[in-house]
Structures are given as C-alpha cells and as structure tokens.
Amino acid sequence: MEEKKMQYLFGMHPVLEAVKSGKKFDKVLLKQGLEGQQFRELLELLKINEIPFQFVPGERLSRAVRGSHQGVLAYISQIDYVDIEQMVNNALARSSSPLLVILDGVSDVRNLGAIARSLECAGGQGVIVPAKGGAAINADAVKASAGALMRIDTCKVPNLRVAAYYLKQSGFRLVAATEKTDRLIYDVDMTGPCAIIMGSEGKGISQSMLELADDKAAIPMSGEITSLNVSVAAAVMMYEAVRQRTGR
C-alpha cells in the first residue's frame, strides 16, 4: 500500500501540535465518528491551512499504525510546497520566459517524478498538482524525479481551475497537450511565460481545464499505438518549448 511508504505522525495531540507549529502534511486521515474539543480544533486548523483530510474507518488506521493512533493519522510532506502566488513570483524572478507544468489527474507517482525530472532538465521552474485526486508526492516520487522535486517549486492547490486562471492573469500562456486539436506542437507559441497542462493517460485533460487553455497542442503520431506515456508526452512538450526558445 502506497501510504505505508510515506512518513507519518499519529495521535490527536501530536498531530494537533504539529499543525499549530506549521508542519506541512500531504493529508490527514480521521476516524469516522470522532468527537470532542480537540477534534473540532484540529478540523478547523486543517481547513484554515488547506490540508487535505479524509474520514475513514478506524480499521484502516489500525492497519497502518502500530500504536494508539486515537483516530488521527497525518502523512508528512516530503517536500516544502509553495503557494501559487509564490510560485509565480519565483518563476518570473528566475526567468523572463518561465516554464511550468500543471498536472490534471496524473495519479502515478513515477510519472509525476519523471515529469519533474524532465522539467528541471529543461530549465523549468515548477509543477502544480491538485490537493486531491493527484499522485502522492512521497519518497517514491522524489526518487523517480532524481531529486528534481527538491530543486523546483511544487504547488499543491485545492482547485486547479482557480490556479490556472491566476496564471493567466499573471501573464502565462496555458497550453494543453491533447489530441483534441488539429494544431501540432510546432504550431503553438511557447516562447513566453508558459504553463503546459498534462492530463491523465486514461481520461486526458478535464473539459473545464481545456476550456481555460489559450492553446491546444497535439504531438504527431505515426505508429499504430496512438498515445504516449504521460511523462514522455510531457517531456516532448517541454523540449518543444526549449527548441522554440533557443531557435534550434
């Protein structure tokens, strides 16, 4: 089970104090039916700090933890996240034409890590992931990224659409990698500040994100297999942006 590969903290009081002190968590599992003042205080802090939480049966917690979990299990973040405003500020400070990647529904940690690795190699500045429904940024993801997740900014947002709109308002061009267009990647301008949107291999990019995109770009396919692994497709998109920017 993937969760067992993540570092965690358990117990009502330890988790409550850790949240108060500013400790970063990927998610918190709460036993169904919890009550009491400490629980209500913890729940309020989770909401204020936008830490994802989920109510689960007590048996799930007991399987994951040896000890008295008191109905609370928190998975510690493997990296330091930045908020979307800080990501934009950092990216624009580092480059006149920053490159970001938005992952919409990418759930495999190895794909996430590989995408981060390619982005760092391409000179990109950051990756944006959803707080819920995306791949966990755990030790496996960091390993698959060859440490790139420790070198680029990572932003976890409660709503990808809101984050994408903020990028547009900040001068970024949103380019969706999708087969639902006649325009190839060579025909789409990625020379300025750009955020590439990648979707899941099964469902692709959600319709709401496609509607926000400034451009849609398709990778040319000549073989009988008509799709690429999402991490490979992301690398192709990034390096087309590099090619356009270097003029090579």
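Quick caveat: nothing in here was measured; it's all calculated off a predicted structure.

Draft legend 1. Seen up close, the packing of helix 4 (residues 84–94) against helix 7 (residues 160–169). Two elements in contact, helix 4 and helix 7, have axes separated by 11 Å at closest approach and are oriented at 35°. When the axes of helix 4 and helix 7 are compared, the crossing they make is right-handed. Where helix 4 approaches helix 7, its residues Ile84, Glu85 and Val88 are matched on the opposing element by Ala163, Tyr166 and Leu167. Classifying every residue of the contact of helix 4 with helix 7 gives five nonpolar, no polar and one charged.

Draft legend 2. Inspection of the pattern of salt bridges at higher detail. In this structure the tally under the stated criterion is nine salt bridges. When the shortest N-O distance is used, the salt bridge between Asp153 and Arg94 registers 3.4 Å. Of the two residues, Asp153 is situated in strand 7 (residues 153–157) and Arg94 in helix 4; the sequence distance between them amounts to 59 residues. Its relative accessible area of 10% is what places Asp153 among the buried residues. Two residues, Asp215 and Arg183, come together in a salt bridge whose shortest N-O distance is 2.6 Å. Residue Asp215 is found in strand 10 (residues 215–217), and its partner Arg183 is found in the loop between strand 8 (173–177) and strand 9 (194–199); the two are separated by 32 residues along the sequence. By relative accessible area, Arg183 is classed as partly exposed at 36%. Several salt bridges converge on common partners, so that one network encompasses Glu17, Lys20 and Glu41.

Draft legend 3. Geometry of helix 7. Where helix 7 is concerned, the buried positions are Leu160, Ala163, Ala164 and Leu167. Across the axial projection of helix 7, the buried residues extend over an arc of 100°, all falling on one side. In helix 7, the exposed positions that point more than 90 degrees away from the buried face belong to Val162 and Gln169. For helix 7, the N-terminal cap is Asn159; the gap from its side-chain oxygen to the backbone nitrogen of Arg161 is 2.9 Å. Looking one or two places after helix 7, you find Gly171, whose phi comes out positive at around 95°.

Draft legend 4. Summary view of unusual backbone geometry. The phi angle at Glu50 is positive, at roughly 55°, despite the residue not being glycine. Inspection of the secondary structure assignment puts Glu50 in the loop between helix 2 (37–48) and strand 3 (53–56). Positive phi, normally seen in glycine, also occurs at Ala146, with a value near 55°. Structurally, Ala146 can be placed in the loop between helix 6 (139–144) and strand 7. Ala146 sits in the partly exposed class, given a relative accessible area of 41%.

Draft legend 5. Looking closely at the nonpolar core. Judged by nonpolar contacts, the single largest core of 38 residues is most densely connected at Leu103, Leu149, Met198, Met237 and Met238. Here this core takes six residues from helix 9 (residues 230–246), the largest share from any one element. Leu100, Val157, Ala163 and Ile197 belong to the second-largest nonpolar core, a separate cluster that totals 24 residues.

The rules we used
- Residues numbered from 1 in each chain as written.
- Predicted model: local features only at pLDDT ≥ 70, side-chain atom pairs only at ≥ 80, totals over all residues.
- Heavy atoms only, no water.
- Axes fitted to C-alpha atoms, helices over the stretch in contact; angles between N-to-C directions.
- Helix = DSSP H or I, 4+ residues; strand = E, 2+ residues; numbered from the N terminus.
- Left-handed = near helix turned anticlockwise from the far one by under 90°.
- Contact = heavy atoms within 4.5 Å.
- Nonpolar A, V, L, I, M, F, W, Y, C, P; charged D, E, K, R; others polar.
- Salt bridge = Lys/Arg side-chain N within 4 Å of Asp/Glu carboxyl O.
- Buried < 20%, exposed > 50% of the residue type's maximum accessible area, 1.4 Å probe, protein only.
- Arc of directions from axis to C-beta.
- Polar contact = N/O pair within 3.5 Å; in protein donor to acceptor, adjacent residues only side chain to side chain.
- Core = buried A, V, L, I, M, F, W, Y, C linked by side-chain atoms within 4.5 Å.

The quantities given are spatial measurements derived from coordinates; they are silent on function.
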